[in-house]
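The chain contents come next:
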Amino acid sequence: MAEAHSAVAFSFSITHEGWHLNYDREVLHLVWQSGIRSWKKRLARFRSGVRNGVYPAHLQSLWLVIAVAIALHFTQRHVPFNLVSKFLGLLPGDTVGYQLAACGLAGLFFWLCICYTMRYSLKLLLMYKGWMYEKRAPGSKVSLPTRLWALFVKVLATWNKPGLYSFQGSLPRLPLPSVQETMSRYLRSVRPLLNDSNYTRMESLAKEFESTIAPKLQRYLTLKSWWSTNYVSDWWEEYVYLRGRGALMVNSNFYGIDAIFTQPTTVQSARAASVINMLLQFRRIVERQELEPILVQGLVPLCSWQYERIFNTVRVPGVETDKIVHYQDSNHIVVLHRGCYYKVVIYHNGRILRPCELQIQIEEILNSSDKPQPGEELVAALTAGDRTKWAKIRESVFAKGVNKTSLHLIESAAFVLSLDEHPFEFDMAHPEKLDQFGRYLLHGNGHDRWFDKSFTVCVGSNGRIGFNSEHTWADAAVMSHIWEMLIMEETHPRYDENGNTLGIPEFEPPKPKRMAFNLDYPEALDAIQEAHVASQQLLNDVDLRIFVHDAYGKGLMKKCRLSPDAYLQMALQLAYYRDAGKFSLTYEASMTRLFREGRTETVRPCTIESAAWVKAMEDPSIEVEERVKLLNKACDRHQLGYQDAMCGKGIDRHLFCLYVVSKYLELDSPFLKEVLSEPWRLSTSQTPHGQTAKMDLKKHPNCISAGGGFGPVADDGYGVSYIVAGEDLIFFHISSKKSCGTTNSERFAQQIARALADIKHLFEQYKTQQQKQKSVTNGTAAN
């Protein structure tokens, strides 16, 4: 009961001598400060909401328009449409005060008309996607329509500095493709995967679907696209993520790695304190909407909707479906160390604690002799296991008392930080150390990450950091943006010569509070042990290899006049064909954040053109020139597929939504069943690098993150994440399952290295041939 008593701020009692009131001044002061901070945030959110609602117009311009209305009225010139007189007729008098009020209303009306005209003009401009398909090769000219479009967008979008959510009302809705377009694209995408008889069968299934139930499903989907902000995102979140009953660990959550060529400090407590402070500073600029929205090519805004749920967010398990819970505010984080949980207060007198003050708190946790209570050390394994089982044990064991209190503290925390007892290491001479680094972040020991939280920051004993992130609330690009900010902030002095944080504490920070659990009874311990065993089986089956390719990078790819992403996807196709002896359905994630509430779309890199090039590479009779020509065609086709996906002309999200409608209407479709059941044996994703101008590798060449990765999507497939980190460096995160006899991450890494070397050699041969032909031509001309 000690925890319950310590949580009481005041008590009231009546005795025969009268009434008596006891209260804790410190606790009441904390409550008061929390309320003040909450009201300040509400006021800031309201002010930001008004500013965003009228963007791209200036909020201050309202007073100018009202002043013009007043000037026109009192100089006996009529305001357009005689609005002042009309408003004056609605007011109870015509004194000077009422005339000023009528002028104010007229000015407000005209100002709102101007605001919405500008807003919807920008929205119409952002619907244009022709710029996406313009060639960006050196020397190529931009078309006149695109130049004019860019000029108008620049005028409207940049004359008023935007906030984080300023463009949300101007972003267009995700367009709904026609069924005929999607069918055509789908059949083309599966052609290299099917022999003639299977392709004919798939064609007939597609034609049957298109001529029977497809029009009805499309009508309902059209209605949804008109009514909802985004016809995909809510269903994608619900059915792909929240209704999944499998483990989040490995199967859904992803990880990110520190900048590995620099180590600002080896003091674990100092690095943890610095990162906590920087994350809280980031949270503040997000809440105040001071974070600049990301603009593609410095012009076209991306949707910022996903930033709302970075902090104070948790995925809560349910028996049939989970839910995302976002808390408006949180004044604490939770720190996990040696199986014990601590609540760490992060504010004092309305300000964020400084790194030197946070370091004192972290050191107290590291030096603590606390031992976990029975079952406490493994309790986080519940978040790593089956979702339905976790939901049931949550309802029975964590629904009351001290367990409910502690669980609420974890779930409502700004984020969770794990102080690991082992170092996170990187050594080019020992690649297995980076592999282990990735494994620590992907799954840890199965019970030292709270996998339900939006993200868990992991700090190694040597001061290196990483994160494990839940996937439902946002995509990897958002966490990548945060990580870039952290890495670049640490280029500024933050540590002294001993590796400790700079500064002198202004006061003694509040001590971390040890959280309590009561799990010492069979039902709880059995559930925790079952989840622990399942998590160990899952993590022990992961085969993770992080391959560092430093022979060349995007510099050479650009010299070949090929898109780096297309270049790497072709290398992956060649590597997979050599590894598996066949082509496979390949998934590459692209974003749809050019549209409001956009998330991702699937690009299918295995195309007719890529298959033709791969076969040519394996056929020694094919000439070098022909191979290069086929590679260019394959890369061009891939680029077109990527552009289509970003512009709302993808295949898979449309088919997914048609399938959801068919399930609601209880209409059976053999075509949709087969399409949605096809396994993605090669699932790939590129980690964005340099999303903001702050990531300047020319000034800070060592600020290169190794990116991050995820587990394999199919039991007999590979998960491959890659990051083009600079001109001469690429990281590949390759995952598979040890239990599968046909996959091996180390072998696949070798195939990628071989494929990249072969493509480079191909262009070297081609260049040599071109030079020889040029010499022969020049020699003939001279003779």
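Residues numbered from 1 in each chain as written. Predicted model: local features only at pLDDT ≥ 70, side-chain atom pairs only at ≥ 80, totals over all residues. Heavy atoms only, no water.

**Things to note about the nonpolar core**
- Judged by nonpolar contacts, the single largest core of 127 residues is most densely connected at Phe415 and Phe671.
- Ranked by residue count, the leading element in this core is helix H5 (residues 96–126), at 10 residues.
- In this view, phenylalanine 415 contacts Ile276, Leu279, Leu280, Phe311, Ile333, Val334, Lys453, Phe455 and Val457; residues no more than four positions away in its chain are not counted.
- Within the second largest apolar cluster, 43 residues are counted, among which are Phe547, Tyr552, Phe583 and Ala634. (Core = buried A, V, L, I, M, F, W, Y, C linked by side-chain atoms within 4.5 Å. Buried < 20%, exposed > 50% of the residue type's maximum accessible area, 1.4 Å probe, protein only. Helix = DSSP H or I, 4+ residues; strand = E, 2+ residues; numbered from the N terminus. Contact = heavy atoms within 4.5 Å.)

**What about the pattern of salt bridges?**
- All told, the structure shown has 39 salt bridges when counted by the stated rule.
- When the shortest N-O distance is used, the salt bridge between arginine 271 and aspartate 258 registers 2.9 Å. With arginine 271 in helix H11 (residues 268–287) and aspartate 258 in the loop between strand E3 (254–257) and H11, the pair connects residues that are 13 residues apart, well separated along the chain.
- Judged by its relative accessible area of 2%, arginine 271 is buried.
- In this structure aspartate 258 comes out as buried when scored by relative accessible area, which is 2%.
- Where arginine 545 meets aspartate 435, a salt bridge forms, and the shortest distance between an N and an O atom there is 3.5 Å. (Salt bridge = Lys/Arg side-chain N within 4 Å of Asp/Glu carboxyl O.)

**Quick look at empty space enclosed by the protein**
- Throughout the structure, instances matching the rule amount to 3 cavities of 30 Å³ or more.
- Taken as a whole, the largest cavity holds about 50 Å³ of empty space.
- Residue lining of the largest cavity: Leu174, Pro177, Tyr231, Val232, Thr592, Glu601, Ala645, Gly648, Gly650, Arg653 and His654, and that is the complete set.
- A class-by-class count of the residues in the lining of the largest cavity yields 5 nonpolar, 4 polar and 2 charged.
- Quantified by volume, the second largest cavity comes out at close to 40 Å³.
- Every residue lining the second largest cavity is listed: Leu174, Asn230, Val232, Ser233, Thr592, Gly598, Arg599, Thr600 and Arg653.
- Tallied by class, residues from the lining of the second largest cavity come to 2 nonpolar, 5 polar and 2 charged.
- Residues lining the lining of the second largest cavity come from more than one domain, with at least three contributed by each of domain 3 (181–244 + 652–677) and domain 5 (550–647 + 679–687 + 703–782). (1 Å grid on protein atoms, 1.4 Å probe; cavity = no way out; pocket = protein on both sides within 12 Å on 5 of 7 lines; lining within 4 Å. Points joined across faces, edges and corners; volume = space filled by probe spheres on them. Nonpolar A, V, L, I, M, F, W, Y, C, P; charged D, E, K, R; others polar. Domains from an automatic or database assignment.)

**A word on the UniProt feature "active site" (unreviewed entry) in the protein**
- The positions UniProt marks with the feature "active site" (unreviewed entry) are His471.
- Setting aside chain neighbours within four positions, we find histidine 471 in contact with Tyr241, Ser252, Asn253, Phe254, Ala476 and Arg599.
- Engagement of the side chain of histidine 471 in a polar contact is seen with the backbone oxygen of alanine 474, the distance being 3.2 Å. (UniProt positions renumbered as here; feature names shortened; annotations may be inferred. Polar contact = N/O pair within 3.5 Å; in protein donor to acceptor, adjacent residues only side chain to side chain.)

**Notes on the packing of aromatic side chains**
- Inspection of every chain in the model, using the stated rule, returns 32 aromatic pairs.
- A centroid spacing of 5.4 Å and a plane angle of 15° characterise the contact between phenylalanine 415 and phenylalanine 455, whose relative ring orientation is stacked. Taken together, the residues span a long stretch of sequence, with phenylalanine 415 in the loop between helix H14 (401–412) and strand E12 (416–419) and phenylalanine 455 in strand E13 (residues 455–459) at a distance of 40 residues.
- For phenylalanine 455, a relative accessible area of 1% translates into the label buried.
- Where tyrosine 722 meets phenylalanine 732, the ring centres are 6.1 Å apart and the plane angle is 40°; that geometry is what we call tilted. Here the residue tyrosine 722 occupies a position in strand E21 (residues 718–724), and phenylalanine 732 occupies one in strand E22 (residues 730–737), the gap between them amounting to 10 residues.
- What makes tyrosine 722 buried here is its relative accessible area of 0%.
- Look at phenylalanine 732 and you get buried, because its relative accessible area is 1%. (Phe/Tyr/Trp six-rings, centres within 6.5 Å; stacked < 30°, edge-to-face > 60°.)

**Observations regarding the packing of H5 against helix H6 (residues 144–158)**
- Where H5 meets H6, the closest approach of the two axes is 10 Å, and the angle between their N-to-C directions is 145°. Between H5 and H6 the crossing geometry is left-handed. Residues Met118, Ser121, Leu122, Leu125 and Leu126 of H5 form the contact with H6, whose participating residues are Trp149, Phe152, Val153, Leu156 and Ala157.
- Taken together, the residues that form the contact of H5 with H6 break down as 9 nonpolar, 1 polar and no charged. (Axes fitted to C-alpha atoms, helices over the stretch in contact; angles between N-to-C directions. Left-handed = near helix turned anticlockwise from the far one by under 90°.)

**Brief notes about the environment of histidine 638**
- Topologically, histidine 638 is positioned in helix H21 (residues 624–646).
- A relative accessible area of 2% places histidine 638 in the buried class.
- For the pair formed by histidine 638 and valine 603, sequence separation is 35 residues and the distance between their alpha carbons is 8.2 Å.
- With residues up to four places along the chain from it excluded, the contact list for histidine 638 reads Asp565, Ala566, Gln569, Met570, Glu588, Val603 and Pro605.
- Polar side-chain contacts of histidine 638 include one of 3.1 Å to the side chain of glutamate 588.

**Regarding the side chain of arginine 578**
- Along the chain, arginine 578 falls in helix H19 (residues 564–580).
- A relative accessible area of 15% places arginine 578 in the buried class.
- A distance of 2.9 Å separates the side chain of arginine 578 from the side chain of glutamate 618, its partner in a polar contact.
- Not counting residues within four places of it along the chain, the set of residues in contact with arginine 578 comprises Glu618, Gln751, Arg754, Ala755 and Asp758.

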